[in-house]
Amino acid sequence: MSVRLARLLPVTLIGACLATATVAKTAASAGTTLTWRGDVTTAHGVVVDVAEAWQKAGHGRIALQTFNTASGLDAVRSGAADLAGAARGSSGNPDEAGLTFTPVAWDGLVMITHPANPVHNITLAQLHDIYYGKITNWSQVGGKNEPIDLYAVASPGDGVEFSLRKLLFGRGTQPVAAPRLYVNTTKLQEGVTLDPRGLGVTTLSNVSGNSKVKMIPINGVAPSASSVANGSYPLFTPLYLVTRSDGPKAEQTQEFVDFVNGDKASAVIRRHGLVPYQDGSALAAMDSSRRARILAEVGARPVPPSSGTPVSAPGATYASRVAVAPTSERTLAARKALDERRAAEAAAKAKAAEAAAAPSLAGVSGKATTVERAGDSRFGKVTATAYDPTPAGGKAYTVSRGDTLFSIARKHAVDVAELRRWNHLSSDQVKPGQVLVVGQR
């Protein structure tokens, strides 16, 4: 054997081994099915078409399970899915500690309403106050004298809701005054198409070209692929793929993530009006200053995540996340108990102050009757409301569609507990047309 041949043989063998390994890896990938679960936005804008391109390239199959962010993160964490999609990054909560969030595209958060709604612009400050419950009527933002029906996705960990609230309030878990809740943005959009007074948040890629909804410009800038790409539209946000580094198919899932961030997938992503993440370096560079500017404009400040009050406890499911939504039964019950406790404390102080001046009815039965004989019409029945603290000649208010007891109390500068007491309400439920006492005339 010649010296030259002896030197070339190891190189040839190494090359053959590498080629064999590559072929084996490709073959293994080609026979793999990855399960993806996540939010509608990432599915529609990125994963559906990219998964088709991935399969055509011979890499394998992606089984899609489109629902929402919370269900996707739960599935990846539990091993029920290999990848998830989310319109937000990690919330910093302990239950997301083992998950990797990889940004793959830039999208715009857009406010949608019915096409018949005449409002043509909302400022960031107005949007903040709408979600905070300070602005409740369209006339306050240049529209008709009608209540704003604010829609939201129920899960507090939803990607679109979380991202918008973090921009407007400094934290993604901020409770908001949105009594109409949906399981995902698709259902929210359907609700808005049927309600001329509706308002909700979705993404540009979800509704671009949808004539059944109207996108409202923010600070005079209309959402579009170009205004998101150059950063002039203020509510831009990344979309993410979420994986587990210790998952059973970790190598294959990373291959898919790399494919999504590659040149072949970039062309697919652009077709949906999105900006591939690697093409948005200018957006990434301005992100911190943009967030600070928005918070300054709306009068808010960033709130660091609290380890004591996560969005959900470690191991929580989608159902338990819904249970801690701002308008869930559990949250409303907690607020009611707090209101009642405060009302009781205030009543005790008032009772002590009035004890010397006012006659006491302590011990009088609410059903006591002061008559000389049965049927005597000269006397009336002494009821439990005979000494009711309802304001004399109380100011009346007729409940409109979209009103909640919370919004009515805020509008008339009274406590929810006072409204319940004055109107003898056993719950926070009110109906359109119902007349309530809301204060003194």
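Just above, that's the structure.
Q: Sorry if this is basic, but what is going on with the overall build of the protein chain here?
A: Counting secondary structure elements, the protein chain contains 15 helices and 12 strands. Counting the 441 residues in the protein chain, one finds 43% classified as buried. Looking at the protein chain alone, contacts between residues at least 24 apart form 74% of all its contacts between residues at least 6 apart.

Q: Would you mind showing me how to read empty space enclosed by the protein here?
A: Rolled over the atoms, a probe as big as a water molecule pinpoints where empty space is left. Counted according to the given criterion, the structure contains three cavities of 30 Å³ or more. Here the largest cavity is characterised by a volume of approximately 80 Å³. In terms of lining residues, the largest cavity is bounded by Val76, Gly79, Ala81, Asp82, Arg244, Gly247, Pro248, Lys249, Ala250 and Thr253. Looking at the lining of the largest cavity, its residues break down into four nonpolar, three polar and three charged. If you add up the space inside the second largest cavity, you get close to 40 Å³. Residue lining of the second largest cavity: Asp39, Val40, Thr41, Phe67, Asn68, Asp158, Val160, Asn184 and Thr185, and that is the complete set. Class assignment for the residues of the lining of the second largest cavity results in three nonpolar, four polar and two charged.

Q: I keep staring at the pairing of strand β3 (residues 83-86) and nothing clicks. Help me out?
A: On any regular strand, side chains alternate: one points to one face of the sheet, the next to the other face. Taking every second residue as pointing to the same face, both faces of β3 are buried, with Leu83 and Gly85 on one and Ala84 and Ala86 on the other. Examined bridge by bridge, strand β1 (residues 33-39) and β3 share three bridges and lie parallel to one another. Bridging across to β3, arginine 37 finds its partner in alanine 84.

Q: I would appreciate a short explanation of helix α10 (residues 263-270) in the present structure.
A: It helps to recall that an α-helix has 3.6 residues per turn; residues three or four apart then point in one direction. Residues of α10 that are buried include every one of Ala265, Ser266, Val268 and Ile269, and no others. Down the axis, α10 shows its buried residues gathered within 165° of arc, on one side only. Exposed positions of α10 whose direction lies more than 90 degrees from the buried face are Asp263 and Lys264. Taken together, the buried residues of α10 touch α2 (40-56), β4 (99-113), α9 (250-260) and β10 (275-276).

Q: Quick question: what am I supposed to make of the packing of aromatic side chains here?
A: Aromatic ring pairs are defined here through the distance separating the ring centres and the angle between the ring planes. The tally for this structure, following the rule as stated, stands at seven aromatic pairs. Summarising the aromatic geometry, the rings of tryptophan 54 and phenylalanine 256 are spaced 5.2 Å apart at their centres and angled 90° between planes, so their arrangement reads as edge-to-face. With tryptophan 54 in helix α2 and phenylalanine 256 in helix α9, the pair connects residues that are 202 residues apart, well separated along the chain. Overall, the relative accessible area of 2% leaves tryptophan 54 in the buried class. Between tryptophan 106 and phenylalanine 236, the ring centres sit 5.8 Å apart and the planes meet at 75°, which makes this aromatic pair edge-to-face. You can see tryptophan 106 sitting in strand β4 and its partner phenylalanine 236 sitting in strand β9 (residues 236-244), a full 130 residues away along the chain. As far as the burial class goes, tryptophan 106 and phenylalanine 236 line up, both buried. What links up through ring pairs into an aromatic cluster is the set Trp54, Phe256 and Phe259. In this structure, arginine 88 is placed above the aromatic ring of phenylalanine 162, and the distance from its NZ or CZ to the ring centre is 4.9 Å. The ring of phenylalanine 236 is capped by arginine 290, whose NZ or CZ atom sits 3.7 Å from the centre of that ring.

Definitions and limits used
- Residues numbered from 1 in each chain as written.
- Predicted model: local features only at pLDDT ≥ 70, side-chain atom pairs only at ≥ 80, totals over all residues.
- Heavy atoms only, no water.
- Helix = DSSP H or I, 4+ residues; strand = E, 2+ residues; numbered from the N terminus.
- Buried < 20%, exposed > 50% of the residue type's maximum accessible area, 1.4 Å probe, protein only.
- Contact = heavy atoms within 4.5 Å.
- 1 Å grid on protein atoms, 1.4 Å probe; cavity = no way out; pocket = protein on both sides within 12 Å on 5 of 7 lines; lining within 4 Å.
- Points joined across faces, edges and corners; volume = space filled by probe spheres on them.
- Nonpolar A, V, L, I, M, F, W, Y, C, P; charged D, E, K, R; others polar.
- Pairing = 2+ DSSP bridges.
- Arc of directions from axis to C-beta.
- Phe/Tyr/Trp six-rings, centres within 6.5 Å; stacked < 30°, edge-to-face > 60°.
- Lys NZ or Arg CZ within 6 Å of the ring centre and 35° of its normal.

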